Amino acid sequence: RSRALTVGVIGFGRFGQFIGEKFTKYGNVIGTSRSDYTKIANDMGAKYIPLTDLESFVMEDDLDVIVVAVSIVSFEDTIKDLVPHLEKRIREKG
């Protein structure tokens, strides 16, 4: 691998932040969530993209892995919202 792994975390609440903080030690992290966690992400060395711009999150050039760290109540809707953007990424970037 010629570059550090980039991990996207959907759901940047307490658990997502915990995951993000751990991964920033080994690679790059991009977080997204309904609430604005820009400052928290910046403080831990991560990038933050609001969930309202899910397409930009998914289309990040270096995104290697997506971790879904949302509540079970939000899980189904989150995946349904995610799928069209993943399909676009696959079509455009392979």
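What you see is a predicted model; the values in this text were computed from it and never measured. (Residues numbered from 1 in each chain as written. Predicted model: local features only at pLDDT ≥ 70, side-chain atom pairs only at ≥ 80, totals over all residues. Heavy atoms only, no water.)

Asker: Help me understand the environment of Glu92, please; the structure alone is not making it clear to me.
Answerer: In this structure, Glu92 sits in helix α4 (residues 72–93). Measuring from C-alpha to C-alpha, the distance between Glu92 and Met59 comes to 9.1 Å, with 33 residues separating the pair along the chain. (Helix = DSSP H or I, 4+ residues; strand = E, 2+ residues; numbered from the N terminus.)

Asker: Where do I start with the side chain of Arg89 in this structure?
Answerer: Within the element layout of this structure, Arg89 appears in helix α4. Of the side chains with opposite charge, Asp61 comes closest to the buried, unpaired Arg89, at an N-O distance of 6.2 Å. Apart from residues no more than four positions distant in its own chain, Arg89 is found in contact with Val58, Met59, Glu60, Asp61, Leu63 and Gly94. (Buried < 20%, exposed > 50% of the residue type's maximum accessible area, 1.4 Å probe, protein only. Lys, Arg positive; Asp, Glu negative; His and termini not counted. Salt bridge = Lys/Arg side-chain N within 4 Å of Asp/Glu carboxyl O. Contact = heavy atoms within 4.5 Å.)

Asker: Just to check I follow, could you spell out a nonpolar patch on the surface for this structure?
Answerer: The grouping of Ile72, Val73 and Phe75 at the surface amounts to a nonpolar patch, some 360 Å² of accessible area in total. Look at Phe75 and you get partly exposed, because its relative accessible area is 37%. (Patch = residues over 30% accessible without salt bridge, like charges linked within 9 Å, V, L, I, M, F, W, Y side chains within 5 Å. Areas by Shrake-Rupley, 256 points an atom, 1.4 Å probe, with all protein chains shown as cover.)

Asker: Honestly, the pairing of strand β1 (residues 6–10) in this entry has me stumped. Any pointers?
Answerer: With five of its five residues buried, β1 lies for the most part within the structure. Pairing of β1 with strand β2 (residues 28–32), which is carried by five bridges, proceeds in the parallel orientation. By the bridge assignment for β2, Ile10 is matched with Thr32. Where β1 lies against strand β4 (residues 65–68), four bridges are found, and the strand directions are parallel. Looking at the pairing, Val9 lines up with Val67 of β4. (Pairing = 2+ DSSP bridges.)

In short, shape yes, function no, at least from these values alone.
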